[in-house]
Amino acid sequence: MSGECTENECTEVEGTALDSINQHTENGTSSDAAKKTTKQKIDILLKPTGNAPIMKKKKWAVDADKPVGGITEFIKKYLKLEAQERVFLYVNQTFAPSPDQIVKNLYDCYNTEGKLILHYCKTQAWG
């Protein structure tokens, strides 16, 4: 499952709020066990560049511990691209992250207004 983003792991954000910890202990505070079992989601904004097809939904919530390669595979499946077609991802129109880079690390360094902006295209554009 490593490197793949399934429908359960990448969810649409439009019109819904991200899951938050709703479990409380008897004294009214969040339990440590609930914090550890709840996965953190990161908002990403996918923007087409160059000759890339446009996705109907641009905002997605992705597990924070997912690698960038999983997002690339998700885009290929969502756009129904051929197996030999490639997808290139760029962070803020600047650089291409490595496929094994974790989304949370990119978000911590390059988020804009609470979202990680990723540009995708079928040919190399920047970097």
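Residues numbered from 1 in each chain as written. Predicted model: local features only at pLDDT ≥ 70, side-chain atom pairs only at ≥ 80, totals over all residues. Heavy atoms only, no water.

Participant: I'd like a description of the nonpolar core, backed by residues and values.
Facilitator: Ranked by size, the top nonpolar core spans 25 residues in total, and within it Ile-44, Leu-46, Ile-71, Ile-75, Leu-118 and Tyr-120 carry the most contacts. Not counting residues up to four positions away in its chain, the partners in contact with Ile-44 are Lys-58, Lys-59, Trp-60, Val-62, Ile-71, Leu-116 and Leu-118. (Core = buried A, V, L, I, M, F, W, Y, C linked by side-chain atoms within 4.5 Å. Buried < 20%, exposed > 50% of the residue type's maximum accessible area, 1.4 Å probe, protein only. Contact = heavy atoms within 4.5 Å.)

Participant: An account of the layout of surface pockets is needed here, citing residue identities and associated values.
Facilitator: As a volume, the largest pocket reaches approximately 250 Å³. Taken together, 13 residues make up the lining of the largest pocket; nearest its centre are Thr-72, Val-87, Phe-88, Leu-89 and Pro-99. Of all the secondary structure elements, the ones that give two or more residues to the lining of the largest pocket are helix H2 (68-78) and strand S4 (88-91). With five residues, H2 is the largest single contributor of residues to the lining of the largest pocket. (1 Å grid on protein atoms, 1.4 Å probe; cavity = no way out; pocket = protein on both sides within 12 Å on 5 of 7 lines; lining within 4 Å. Points joined across faces, edges and corners; volume = space filled by probe spheres on them. Helix = DSSP H or I, 4+ residues; strand = E, 2+ residues; numbered from the N terminus.)

Participant: Explain the pairing of strand S2 (residues 41-48) to me, using residue names and the numbers behind them.
Facilitator: Note: S2 against strand S3 (residues 59-63), five bridges, orientation antiparallel. Looking at the pairing, Ile-42 lines up with Val-62 of S3. Relative to strand S5 (residues 116-121), S2 is paired through five bridges, and the arrangement is parallel. Across the sheet, Leu-46 pairs through a bridge with Leu-118, a residue of S5. (Pairing = 2+ DSSP bridges.)

Participant: Please set out the environment of Thr-112 residue by residue, giving values where relevant.
Facilitator: Here Thr-112 lies in the loop between helix H3 (103-110) and S5. Accessibility expressed as a relative area gives 34% for Thr-112, which makes it partly exposed. Separated by 67 residues in sequence, Thr-112 and Leu-45 have C-alpha atoms that sit 10.0 Å apart. In this structure, Thr-112 is in contact with Asn-92 and Ile-117, ignoring residues within four places of it in sequence.

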